[in-house]
Structures are given as C-alpha cells and as structure tokens.
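Each chain is listed here by its residues.
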Amino acid sequence: MTKFMDYLMRKYLLLATIVLTGCTTSPQDCDLHAQDPSFITKLSCATSGGYRQQVDQKEQQVRLSQYENESAKQQLAYTQNRQQNVNQKLADEQARLNAVRSDLSQTLAQLKSSKIKSSERQKEIQQLQDLQRQSQHASGASEIAAIEKKVAEAKQKIKVLEEANTLR
C-alpha cells in the first residue's frame, strides 16, 4: 500500500506543480508565436486563460486598427472633396477672369475704332489699358468683381460719349 501511496503522492505533487505553475504564468508568457514553449508553459497558458487574454488583446488591436483606418478614409474623402471644391472655384474664377478680359479687349477695340475724337476718349482708352494691365494680376473674386464693375462703368461712359458725338 505504501507503493500505491507513494505513487499517488507523486501524481498529486506533479498535479500541484502544474497547477501552481499555471498560476505563475503571466499573459505575456503565453505568446502564441513563441518558438519553443515548454509543455508546462502551454498547459499553464491554456488553464490560466493566458492564451485567451492574448487573443483578446490582438482582437482589440485589430478593432482599433480598423477604426483608425476608417477614420483615415473619412478624412481622405473630406480632403478630396474640399480639394475638388477649391479646384472648381478656381476654374470658375479663371473663366470669369477670362470673360472680363475678353469684354475689356472688345470694349477697348470698340473705343479705339470709334469716330469720337476728344480728350475724354483718350482718357477712357488710357483707363481701359490700365485696367487691362490690372486684369493680368487679378487673382481673387473681389479683384475680378472690381474689374467687371470698372468695365461696365467704362461701357456706360463710351455710350454717353457716342451719344454726345452723334448729337454734334
């Protein structure tokens, strides 16, 4: 019977050692990709929940990465949308500037070819030429609007000059 008791004691001691070793294993020791973990380490990781904790941490990292990825995609879409809006605004302003330059050139050509011969005509020609130089450096909507306004005023003055010339 002592042999049997001795046998049971050894088994009990081995079981107690395994259980206690499982308690001393931390989740960091339970690396799923460890090169050569011992049987005791594997067993203690399995029984203590160390593997589960490692899996849970990895899953949490994946969820965090997915969230950050989604956030980055939204930021990229927002930035691309803003860039598209800026590009459209720039194209609209450029088209507007080209139109006002064309109108200005036509108005200047009309004034130069008119039969009006006065100092007022020369003054308007000079002002329109100055306005053409200004239009070469216009860069914003407010500058373009100011040039459009000056061209409209010049057209009015030319109309008045032409009417005054036909009355003579």
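Residues numbered from 1 in each chain as written. Predicted model: local features only at pLDDT ≥ 70, side-chain atom pairs only at ≥ 80, totals over all residues. Heavy atoms only, no water.

Peer 1: When you look at the overall build of the protein chain in this model, what are you seeing that I'm missing?
Peer 2: When you go through the protein chain residue by residue, the secondary structure sums to 5 helices and 0 strands. Buried residues in the protein chain amount to 18% of all 168 residues. Looking at the protein chain alone, contacts between residues at least 24 apart form 54% of all its contacts between residues at least 6 apart. Accessible surface, the protein chain as shown: approximately 12900 Å² in total, 55% of it carbon and sulfur. (Helix = DSSP H or I, 4+ residues; strand = E, 2+ residues; numbered from the N terminus. Buried < 20%, exposed > 50% of the residue type's maximum accessible area, 1.4 Å probe, protein only. Contact = heavy atoms within 4.5 Å. Areas by Shrake-Rupley, 256 points an atom, 1.4 Å probe, with all protein chains shown as cover.)

Peer 1: Please clarify how the nonpolar core should be interpreted in this entry.
Peer 2: Soluble, globular proteins show a tendency: their nonpolar side chains are buried together. Of all hydrophobic cores here, the largest spans 14 residues; its most connected members are L128, L131, I147 and V151. Among the elements of the structure, α3 (50–113), α4 (119–137) and α5 (141–167) are those that each provide at least two residues to this core. Look past the residues within four positions of V151 in its chain and what remains in contact with it is V100, D103, L104, T107 and L131. (Core = buried A, V, L, I, M, F, W, Y, C linked by side-chain atoms within 4.5 Å.)

Peer 1: Would you mind going over the confidence of the model for the protein chain with me for this structure?
Peer 2: Detailed reading of the predicted coordinates is not advisable wherever pLDDT is low. Overall, the prediction assigns the protein chain a mean pLDDT of 82, with 83% of residues at 70 or greater. Of all helices and strands in the protein chain, the one with the weakest mean pLDDT is helix α1 (residues 2–24) (69), whereas α3 scores best (91). (pLDDT = per-residue confidence, 0-100.)

Peer 1: Just checking my understanding: could you explain the pattern of salt bridges for this structure?
Peer 2: Oppositely charged side chains are able to pair whenever their charged atoms sit close together. Taken as a whole and assessed by the stated rule, the structure comprises 5 salt bridges. A salt bridge links R96 to E148; the shortest N-O distance between them is 2.9 Å. Residue R96 is found in helix α3, and its partner E148 is found in helix α5; the two are separated by 52 residues along the sequence. Its relative accessible area of 31% is what places E148 among the partly exposed residues. Linking R133 and D130 is a salt bridge whose minimum nitrogen-to-oxygen distance equals 2.3 Å. Of this pair, R133 and D130 both sit in helix α4, 3 residues apart, roughly one helical turn. Residue classification places R133 among the partly exposed positions, given a relative accessible area of 47%. On the basis of relative accessible area, D130 is assigned to the partly exposed category, the value being 33%. (Salt bridge = Lys/Arg side-chain N within 4 Å of Asp/Glu carboxyl O.)

Peer 1: What's the story with α3 in this structure? I'm lost.
Peer 2: Structurally, the α-helix is built with 3.6 residues per turn, so residues lying three or four positions apart point the same way. Here α3 spans 94 Å end to end across 64 residues, near enough to the 94 Å set by a 1.5 Å rise per residue. Within α3, the full set of buried residues consists of G50, Q54, E93, L97, V100, L104, T107, L108 and L111. (Expected span 1.5 Å × (residues − 1).)

Peer 1: I'm lost on the environment of Q94 in this one. Help?
Peer 2: Relative to the helices and strands, Q94 is located in helix α3. Taking C-alpha positions, Q94 is 9.3 Å from G140, a pair spaced 46 residues apart along the chain.

Peer 1: Teacher, can you tell me more about the packing of α3 against α4 here?
Peer 2: When two helices pack together, you describe them by how their axes are tilted relative to each other and by the distance separating the axes. At a minimum axis separation of 10 Å, α3 and α4 run at an interaxial angle of 160°. Here α3 lies roughly antiparallel to α4, going by the angle between them. Pair α3 / α4 crosses with left-handed handedness. In this structure, α3 contributes L97, R101, L104, S105, T107, L108, L111, K112 and S113 to the contact, and α4 contributes R121, E124, I125, L128, Q129, L131, Q132, S135 and Q136. The residue inventory of the contact of α3 with α4, partitioned by class, reads 7 nonpolar, 7 polar and 4 charged. (Axes fitted to C-alpha atoms, helices over the stretch in contact; angles between N-to-C directions. Parallel < 35°, antiparallel > 145°, perpendicular 65-115°, else oblique. Left-handed = near helix turned anticlockwise from the far one by under 90°. Nonpolar A, V, L, I, M, F, W, Y, C, P; charged D, E, K, R; others polar.)

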